[in-house]
Amino acid sequence: DLPFAVRPQVRPDQAVMVYMDDESHDKLGQSRIEPWDRSLHARLVDRLTAAGARVVVFDVVFSDPDPEPSRDQALAGAFRASKRVLIAADTVPAGYGTGTRQRAVTPPIDLLRDAVAGFGSAETVPSHDFAIRQHFHGSRDDFLASLSWTAAKFVGAAVTRSPEEQFRERWVNYYGPPGAIPSISYYRALETNVATDRLFKDKVVFIGAWLLTKFAGERKDEFRNPFSYWRAQDRFISGVEVQATLFLNLLRGDWLSRWSQT
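Residues numbered from 1 in each chain as written. Predicted model: local features only at pLDDT ≥ 70, side-chain atom pairs only at ≥ 80, totals over all residues. Heavy atoms only, no water.

Asks: Can you walk me through the nonpolar core in this structure?
Replies: If you look at soluble globular proteins, the nonpolar side chains tend to sit buried side by side. One finds Val18, Phe58, Phe79, Tyr186, Phe200 and Ile207 to be the most contacted residues of the largest nonpolar core, which totals 33 residues. Put simply, the parts of the chain that give this core at least two residues each are strand E1 (15-21), helix H2 (38-50), strand E2 (55-58), helix H3 (69-82), strand E3 (85-97), helix H6 (186-189) and strand E7 (204-210). Among the elements that take part in this core, H2 stands out by supplying five residues, more than any other. Not counting residues within four places of it along the chain, the set of residues in contact with phenylalanine 200 comprises Val16, Val18, Arg47, Leu48, Ala51, Gly52, Ala53, Arg54, Ile184, Ala189, Ala195 and Val205. Counting 26 residues, the second-largest nonpolar core is a separate cluster that includes Trp149, Ala151, Val155 and Ile181. (Core = buried A, V, L, I, M, F, W, Y, C linked by side-chain atoms within 4.5 Å. Buried < 20%, exposed > 50% of the residue type's maximum accessible area, 1.4 Å probe, protein only. Helix = DSSP H or I, 4+ residues; strand = E, 2+ residues; numbered from the N terminus. Contact = heavy atoms within 4.5 Å.)

Asks: What is the right way to look at the pattern of salt bridges in this model?
Replies: Opposite charge on two side chains permits them to pair, given that their charged atoms come into close proximity. The tally for this structure, following the rule as stated, stands at 14 salt bridges. A salt bridge links aspartate 1 to arginine 133, with the nearest nitrogen and oxygen atoms 2.9 Å apart. In this pair, aspartate 1 is assigned in the segment before E1 and arginine 133 in the loop between strand E5 (118-121) and helix H5 (147-154), connecting sequence segments 132 residues apart. A salt bridge links aspartate 197 to arginine 47, with the nearest nitrogen and oxygen atoms 2.8 Å apart. (Salt bridge = Lys/Arg side-chain N within 4 Å of Asp/Glu carboxyl O.)

Asks: What is the right way to look at the pairing of E7 in this model?
Replies: Remark: a regular strand shows side chains that alternate across the two faces of the sheet. When you tally the buried positions in E7, you get five out of seven residues, the bulk of the element. Where E1 and E7 come together, seven bridges link them in parallel fashion. Pairing of alanine 15 across the sheet is with valine 204, part of E7. Note that E2 and E7 share four bridges and pair parallel. Looking at E7, one finds that valine 56 is bridged to valine 205. (Pairing = 2+ DSSP bridges.)

Asks: Looking at this model, I keep getting lost on the packing of H2 against H3. Mind explaining?
Replies: Helix-helix packing is characterised by the crossing angle of the two axes and by the distance between the axes. At a closest axis distance of 8 Å, the pairing of H2 and H3 adopts a crossing angle of 15°. The orientation of H2 with respect to H3, classified from their angle, is roughly parallel. Crossing angle aside, the handedness with which H2 passes H3 is left-handed. In this structure, H2 contributes Arg38, Ser39, His41, Ala42, Val45, Asp46 and Thr49 to the contact, and H3 contributes Arg71, Asp72, Ala74, Leu75, Ala78, Phe79 and Ser82. In terms of residue class, the contact of H2 with H3 is made up of six nonpolar, four polar and four charged. (Axes fitted to C-alpha atoms, helices over the stretch in contact; angles between N-to-C directions. Parallel < 35°, antiparallel > 145°, perpendicular 65-115°, else oblique. Left-handed = near helix turned anticlockwise from the far one by under 90°. Nonpolar A, V, L, I, M, F, W, Y, C, P; charged D, E, K, R; others polar.)

Shown next, in the form of structure tokens:
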């Protein structure tokens with residue numbers, strides 16, 4: 001962690017974050033304990049596609065049907081029309097068996113899974129202090145690669161051309177404290193007079209939650225980061241920004257490697 005304290009911040013310009021944040025929940029009237037209205041996601045996909053986004057990546061698991069079926073149909077239609085949307089699957093620990101850690105995969109519903117360009121596991125492997133320091137893009141026994149690897153492969157990142165590279169040891173190169181990757185609130189991204197097409201054109205757009213308001217029992221999608229230890233205001237980084245950082249490491253080829261002991 002220590003070298004990040006003295007290294008200048010890097011400002012990658014290949015990705016943009018769209019946050020389902022507290023302000024967007026309020027402005028768009030969305031519940032904090034229920035899934036969002038998927039017709040909003042359809043609007044956002046149409047808007048980002050029209051703006052020329054290179055890829056749209058949802059760090060959202062659409063594992064259950066929307067209470068209103070027409071919203072799922074609208075979202076599936078937007079996915080098909082875009083041809084450049086990737087979505088997440090949830091992977092959680094499921095005990096141990098035959099000496100290995102078992103994991104259960106919760107995929108997206110069939111309607112949406114069949115409409116997207118691809119999907120990947122949102123699983124990450126935190127360290128003992130709940131900081132993510134190491135890349136994890138799936139094991140050799142997994143049928144599903146990570147969401148970040150799937151996105152890197154979709155855009156043709158050089159590292160993804162060799163199947164063996166998926167399992168190579170890599171360490172996360174954070175570009176700066178939380179917020180280092182350019183971002184905008186979801187509700188603002190919908191407004192063409194606020195967010196111009198230039199913000200999204202040729203960018204990989206990651207969409208996910210970053211909420212300051214949390215509920216008891218909720219699984220927290222935020223993690224410690226290398227800046228947590230000397231900058232109190234940067235204590236946590238959102239899970240979706242971690243996904244975007246892993247993707248950028250792969251795209252730019254600037255992940256960290258362990259020094260040789262020789």
